[in-house]
Number of protein chains: 2
Amino acid sequence: MTNPTQRAAQLASAPIWPPMTDQMPTVAQLCQSILARHQDTISVRKPSIALPRLQRILEAAIDLSNKGGFQAMSLRDLSRETGMSAGGLYAYFDSKTTLLKMILAEVADLVQRILSNPPADVTRDPVTHLRWLIDTHLRMTEALLAWFTFAFMEAKNFPPAERRMAVDSEMLTESFFSAVILRGIEGGAFRPDTSPLLPALIKPLLQEWYVKRAKYRRRGITLDAYSAEVQQVVLRACLPERGGAALAPMTRAPIG
Amino acid sequence: MTNPTQRAAQLASAPIWPPMTDQMPTVAQLCQSILARHQDTISVRKPSIALPRLQRILEAAIDLSNKGGFQAMSLRDLSRETGMSAGGLYAYFDSKTTLLKMILAEVADLVQRILSNPPADVTRDPVTHLRWLIDTHLRMTEALLAWFTFAFMEAKNFPPAERRMAVDSEMLTESFFSAVILRGIEGGAFRPDTSPLLPALIKPLLQEWYVKRAKYRRRGITLDAYSAEVQQVVLRACLPERGGAALAPMTRAPIG
DNA sequence: CCTTATCGAGCGAGCGTTCGGTAGATATTG
DNA sequence: CAATATCTACCGAACGCTCGCTCGATAAGG
């Protein structure tokens, strides 16, 4: 357990964690994962053909859905955009709903994979761990903006089964924040009267970034600036009074 | 301009503003406003008939849309739910899109009406004003939950014109927060280095309450508790260090 | 008996999905 | 290696259905 002075000193310098770029998956990798998970419903066998086609389909579907919504996207739109015929598309999914489930499940799985694998040196200190969770979540959504926008916009208005999936994924994300904050309280890094509501409030602040991406782009707000601000708001809500004073603007330092 | 000690003392007691119940409109009043605004497209002339019918239509439309989305709600569904025929419905709107615009415009207008009319004694102090804005917004959405849920869920996925309307409404709300925070900085109530991003972060925290209403109901979180927590998070982000320490749990005291 | 408010069958358009057909790659055979 | 057979990946017309919306008929009140 560190005392306030030690923590203040620790916070004064921006923590540096390894660049996420390494472990942030490419769209091609996501599609490969989807292809593997849906071998039984995808009738095209040769990966050299299936993979680029599936990627083209998914990217087009996400793109079309992100203007107008998934329901509003017709398979004729998708057919035109991908250059494939209506019948041809059905070699890659057995219903429009399955197409949607493919994407949602992959996004939910990605969040879990990334957030549950922090670098070892990050988890030593709850403050650093919390900041890493916030920063990493933001960078992940930034790297796969269209995918997360899609998942957010379409998770509502769903058949109960898919809706449950979205709710579970959200609860899991919140649990990451809950766990580290609880650990911080127990270890004395966070104030003991930190509100149990705080973890729930972090998620909407992270969603704001990619849902309203256009707004922040228009205003010239960088991801670094947004990340720093969310970290600051959250830490001011859970750090003891003195710790908060030492808060320096903080994000991961650019590497390379 | 107050000094820190004065402000701390002021904050220690929960501010009390008049109950919003008085000025919070009923659904019937909203419908009356909509009826007046759409006289030209509504062909039914006698208000004694038009008003209850319109209310029935709007409430059913919001209800049906809030499970499944506006697009998924068919006019046959609406016909069944209201007990009116397809043709009969078209005496109250000239297209499905108009029906949607009626509701969105009314909600946007309501937000503007309520938030731009704070009680006189609230506006004297930026801290109280800011807390009033947060608390009032939450109570407004609580009183008209279905309407705000509808507006939030359907504001995306829109023709550009309606989308612009939603964006403008959101910007207006943010501007209320911006103005009072700026005033607080100038008057010395808020720290001079308060992030210009803070106003933008308040909105998602308020939306969270009605968008995820079921989650907080399940957890037994009351509106008072949620309001207090959001106020605390926001004030910790903009109050000078000392002021934050004096923060007592705060909401409008219930008036019996 | 005209006006007002409502009805409900029905229109054309567009939806998700299916399925018979086929070109080209691949495997099998002599 | 040429000829043949098989398979893979895809096409696109067509099907059954639901959609938003219209319009002539109709009922009720003054």
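Rules behind the numbers
Residues numbered from 1 in each chain as written. Chains lettered and ligands numbered in written order. Predicted model: local features only at pLDDT ≥ 70, side-chain atom pairs only at ≥ 80, totals over all residues. Heavy atoms only, no water. Helix = DSSP H or I, 4+ residues; strand = E, 2+ residues; numbered from the N terminus. Contact = heavy atoms within 4.5 Å. Areas by Shrake-Rupley, 256 points an atom, 1.4 Å probe, with all protein chains shown as cover. Core = buried A, V, L, I, M, F, W, Y, C linked by side-chain atoms within 4.5 Å. Buried < 20%, exposed > 50% of the residue type's maximum accessible area, 1.4 Å probe, protein only. Domains from an automatic or database assignment. Buried area = accessible area lost by both parts, 1.4 Å probe. Salt bridge = Lys/Arg side-chain N within 4 Å of Asp/Glu carboxyl O. Polar contact = N/O pair within 3.5 Å; in protein donor to acceptor, adjacent residues only side chain to side chain. Nonpolar A, V, L, I, M, F, W, Y, C, P; charged D, E, K, R; others polar. Least-squares fit on C-alpha atoms with pLDDT ≥ 70 in both. Near = heavy atom within 4 Å. Phe/Tyr/Trp six-rings, centres within 6.5 Å; stacked < 30°, edge-to-face > 60°. Lys NZ or Arg CZ within 6 Å of the ring centre and 35° of its normal. pLDDT = per-residue confidence, 0-100. Axes fitted to C-alpha atoms, helices over the stretch in contact; angles between N-to-C directions. Parallel < 35°, antiparallel > 145°, perpendicular 65-115°, else oblique. Left-handed = near helix turned anticlockwise from the far one by under 90°. Expected span 1.5 Å × (residues − 1).

Structural notes on the overall build of chain A
Of regular secondary structure, chain A possesses 13 helices and 0 strands. Counting only contacts in chain A whose residues sit at least 6 apart along the sequence, the fraction spanning at least 24 positions is 73%. Of the roughly 11100 Å² of accessible surface on chain A, 56% is carried by carbon and sulfur atoms.

A look at the nonpolar core
Judged by nonpolar contacts, the single largest core of 154 residues is most densely connected at Leu78(A), Leu130(A), Trp147(A), Leu78(B), Leu130(B) and Trp147(B). Counting only domains with at least three residues in this core, you end up with domain 1 (1–16 + 117–248) and domain 2 (24–101) of chain A. Discounting chain neighbours no more than four positions away, the residues touching Trp147(B) are Val27(B), Leu30(B), Cys31(B), Ile34(B), Leu58(B), Ile62(B), Ile103(B), Glu106(B) and Val107(B).

Here we look at the interface of chain B and chain A
Much of the literature gives interface size as the accessible area that the parts lose upon coming together. Contacts between chain B and chain A engage 39 residues on the former and 38 residues on the latter. Contact between chain B and chain A buries roughly 3400 Å² in total, counting both sides, with carbon and sulfur atoms accounting for 55%. Counting the surface chain B buries against chain A, the share from its top three residues, Leu197(B), Leu201(B) and Arg236(B), is 18%. Summed over the shared surface of chain B and chain A, the result is 8 salt bridges. Between Glu170(A) and Lys212(B) there is a salt bridge, with the nearest N and O atoms lying 2.7 Å from each other. Remark: the boundary between chain B and chain A carries 10 residue pairs in polar contact (both at pLDDT 80 or more). Only α8 (145–155), α9 (160–187), α10 (198–211), α11 (213–218), α12 (223–238) and α13 (241–245) of chain B provide two or more residues apiece to the side of chain B that touches chain A. Per-element accounting of the side of chain B that touches chain A gives the leading share, 8 residues, to α10(B). Class assignment of the residues belonging to the side of chain B that touches chain A gives a composition of 19 nonpolar, 7 polar and 13 charged.

Comments concerning the relation of the copies chain B and chain A
With an RMSD of 0.1 Å, the fit of chain B onto chain A corresponds to turning through 180 degrees and sliding 0.0 Å along the axis. The transformation relating the two chain copies, once decomposed into turn and shift, fits a two-fold axis. Interface overlap between copies: 97% of the residues of chain B at the interface are likewise at the interface in chain A, consistent with a symmetric, same-surface contact.

So, the protein's contact with DNA strand C
Arg76(A), Tyr90(A), Lys96(A), Arg53(B) and Gly87(B) are the nearest of the 22 residues found near DNA strand C. Atoms of DNA strand C within 4 Å of the protein belong to the sugar or the phosphate in 57% of instances, the rest to bases. The side chain of Arg53(B) places a nitrogen or oxygen atom 2.7 Å from a phosphate oxygen of DNA strand C. Tallied by class, residues from the surface near DNA strand C come to 7 nonpolar, 8 polar and 7 charged.

Observations regarding the packing of aromatic side chains
Two numbers describe a pair of aromatic rings. These are the distance of the centres and the angle of the planes. Residues and elements named next belong to chain A. One pass over the full model with this rule turns up 14 aromatic pairs over all chains. Note on Tyr216 and Tyr226: the rings are 5.2 Å apart at their centroids and 65 degrees apart in plane angle, and the pair reads as edge-to-face. Linking Tyr216 in helix α11 (residues 213–218) with Tyr226 in helix α12 (residues 223–238), this pair joins segments that are 10 residues apart in sequence. With respect to class, Tyr216 is no different from Tyr226; both count as buried. Following the ring pairs from residue to residue traces out a cluster consisting of Phe148, Phe152 and Tyr210. The ring of Phe152 has Lys156 lying over it, and the distance from NZ or CZ to the ring centre is 4.4 Å.

Some remarks on the confidence of the model for chain A
All names here are of chain A. Confidence in the prediction for chain A averages 89 pLDDT; 88% of positions are at 70 or higher. Every residue in residues 4–12 scores below 50 in pLDDT, and together they form 17 contacts with partners more than four places removed in sequence or on other chains. Within the model, the stretch residues 243–256 combines pLDDT values under 50 with 39 contacts to residues more than four positions away or in other chains.

Concerning the packing of helix α7 (residues 126–143) of chain A against helix α10 (residues 198–211) of chain A
Residues and elements named next belong to chain A. It is at 9 Å that the axes of α7 and α10 come closest, and there the two elements cross at 30 degrees. It follows that α7 is roughly parallel to α10 by the angle criterion. With respect to the hand of their crossing, α7 and α10 are arranged in right-handed fashion. Here Leu130, Ile134, His137, Leu138, Thr141 and Glu142 of α7 lie close against α10, whose contacting residues are Ile202, Lys203, Leu206, Trp209 and Tyr210. For the contact of α7 with α10, a count of residues per class yields 7 nonpolar, 2 polar and 2 charged.

As for the pattern of salt bridges
Residue and element names in this part refer to chain A. Considering all chains together, one arrives at 32 salt bridges over all chains under this definition. For the salt bridge of Arg37 with Glu106, the shortest nitrogen-to-oxygen distance reads 2.4 Å. With Arg37 in helix α2 (residues 27–37) and Glu106 in helix α6 (residues 96–115), this residue pair connects regions lying 69 residues apart in the sequence. Assessed through its relative accessible area of 40%, Arg37 is described here as partly exposed. Across the salt bridge formed by Asp77 and Arg80, the nearest N and O atoms sit 2.8 Å from each other. Of this pair, Asp77 and Arg80 both sit in helix α4 (residues 75–82), 3 residues apart, which is roughly one turn of that helix.

Focus: the protein's contact with DNA strand D
If you check the shell around DNA strand D, you find 23 residues, and the closest are Arg53(A), Ser85(A), Gly87(A), Arg76(B) and Tyr90(B). Within 4 Å of the protein, atoms of DNA strand D come from sugar and phosphate in 55% of cases. Taking Tyr92(A), its side chain carries an N or O atom lying 2.9 Å from a phosphate oxygen of DNA strand D. Secondary structure elements with two or more residues in the surface near DNA strand D: α3 (47–66) and α5 (86–89) of chain A together with α4 (75–82) and α5 (86–89) of chain B. Counting residues per element, the surface near DNA strand D draws most heavily on α5(A), at 3 residues.

Observations concerning α8(B)
Residue and element names in this part refer to chain B. Judged by how many residues are buried, α8 sits mostly within the fold: 9 of 11 residues are covered. Of the positions making up α8, those classed as buried are Trp147, Phe148, Thr149, Phe150, Ala151, Phe152, Met153, Glu154 and Ala155. Count one or two residues on from α8 and you reach Asn157, which has phi positive near 55 degrees.

Re helix α3 (residues 47–66) of chain B
Residues and elements named next belong to chain B. Under the 1.5 Å per step criterion, the end-to-end length of α3 is 27 Å for 20 residues, consistent within 8% with the ideal 28 Å. Listed in full, the buried residues belonging to α3 are Ala50, Leu51, Leu54, Gln55, Ile57, Leu58, Ala60, Ala61, Ile62, Leu64 and Ser65. Here the buried face of α3 lies against α2 (27–37), α4, α5, α6 (96–115) and α8. Once α3 ends, the next one or two residues include Gly68, with phi positive near 110 degrees.

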